Amino acid sequence: MPAISMFYGIIVYMYFLDNRGHNRPHVHAKYQGQEVVVAIPDGDVLEGEFPNPKMKLLQAWIELHKEELEANWELASSGQQPYKIDPLR
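Rules used throughout
Residues numbered from 1 in each chain as written. Predicted model: local features only at pLDDT ≥ 70, side-chain atom pairs only at ≥ 80, totals over all residues. Heavy atoms only, no water. Helix = DSSP H or I, 4+ residues; strand = E, 2+ residues; numbered from the N terminus. Rg over C-alpha atoms; globule rule 2.2 N^0.38 Å. Phe/Tyr/Trp six-rings, centres within 6.5 Å; stacked < 30°, edge-to-face > 60°. Buried < 20%, exposed > 50% of the residue type's maximum accessible area, 1.4 Å probe, protein only. Patch = residues over 30% accessible without salt bridge, like charges linked within 9 Å, V, L, I, M, F, W, Y side chains within 5 Å. Areas by Shrake-Rupley, 256 points an atom, 1.4 Å probe, with all protein chains shown as cover. Salt bridge = Lys/Arg side-chain N within 4 Å of Asp/Glu carboxyl O. Lys, Arg positive; Asp, Glu negative; His and termini not counted. Charge placed at Lys NZ, Arg CZ, Asp CG, Glu CD. Core = buried A, V, L, I, M, F, W, Y, C linked by side-chain atoms within 4.5 Å. Expected span 1.5 Å × (residues − 1). Arc of directions from axis to C-beta.

Asker: Lay out the overall build of the protein chain with the relevant residues and their values.
Answerer: Counting its secondary structure elements, the protein chain contains 2 helices and 5 strands. Reading the helices (α) and strands (β) of the protein chain from amino to carboxyl end gives β-β-β-β-β-α-α. The C-alpha atoms of the protein chain give 12 Å as radius of gyration, which agrees with the globular expectation for 89 residues (12 Å, within 12%). On the principal axes, the C-alpha backbone points of the protein chain span a range of 35 × 25 × 20 Å.

Structural data, given as structure tokens:
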């Protein structure tokens, strides 16, 4: 479960071979013990929850990096190492 980005206390992960559970490209994010699974590229919450301000930051980051995230999804879903993505600034 490689971390692909970190910003404002949020750590974003993309798991290897994780294309069976949710059937949609997605990322996992953690913040202070909470975890959320969010779809790429639309930012829909598939599972879990975050505080609203942090969720908005995560969804903004997904919107800014959706092409990189989709490319990373292809890598990770085939068992390859995804690339790091710049944090939200």
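Text resumes after the structure shown.
Asker: Provide a residue-level description of the packing of aromatic side chains, including the pertinent values.
Answerer: Scanning the entire structure with this criterion turns up 3 aromatic pairs. Considering the side-chain rings of Phe-7 and Tyr-8, the 6.5 Å spacing of their centres and the 80° angle between planes classify their relative orientation as edge-to-face. The exposure class assigned to Phe-7 is buried, which follows from its relative accessible area of 4%. A centroid spacing of 6.1 Å and a plane angle of 65° characterise the contact between Tyr-31 and Phe-50, whose relative ring orientation is edge-to-face.

Asker: Please give an account of a negative patch on the surface that cites residues and values.
Answerer: Together, Glu-67, Glu-68, Glu-70, Glu-74 and Asp-86 give the surface a local cluster of negative charge. Tracing the chain through its elements places Glu-68 in helix 2 (residues 66-77). Glu-68 sits in the partly exposed class, given a relative accessible area of 37%.

Asker: An account of the nonpolar core is needed here, citing residue identities and associated values.
Answerer: Residues Val-27, Leu-58, Trp-61 and Leu-69 are the most contacted members of the largest nonpolar core, which totals 21 residues. Where this core is concerned, the elements lending two or more residues are strand 1 (3-7), strand 2 (10-13), strand 3 (26-31), strand 4 (34-39), helix 1 (52-64) and helix 2. If you tally residues by element for this core, the top one is helix 1, at 4 residues.

Asker: An account of helix 1 is requested, with residue identities and associated values reported.
Answerer: The periodicity of an α-helix, 3.6 residues per turn, causes residues three or four places apart in sequence to face the same way. Given a rise of 1.5 Å per residue, 13 residues ought to cover 18 Å, and the 18 Å separating the end C-alpha atoms of helix 1 matches this to within 8%. The complete set of buried residues in helix 1 reads Lys-54, Met-55, Leu-58, Trp-61 and Ile-62. Down the axis, helix 1 shows its buried residues gathered within 125° of arc, on one side only. Exposed and facing more than 90 degrees away from the buried side of helix 1 are Pro-53, Lys-56 and Leu-64.

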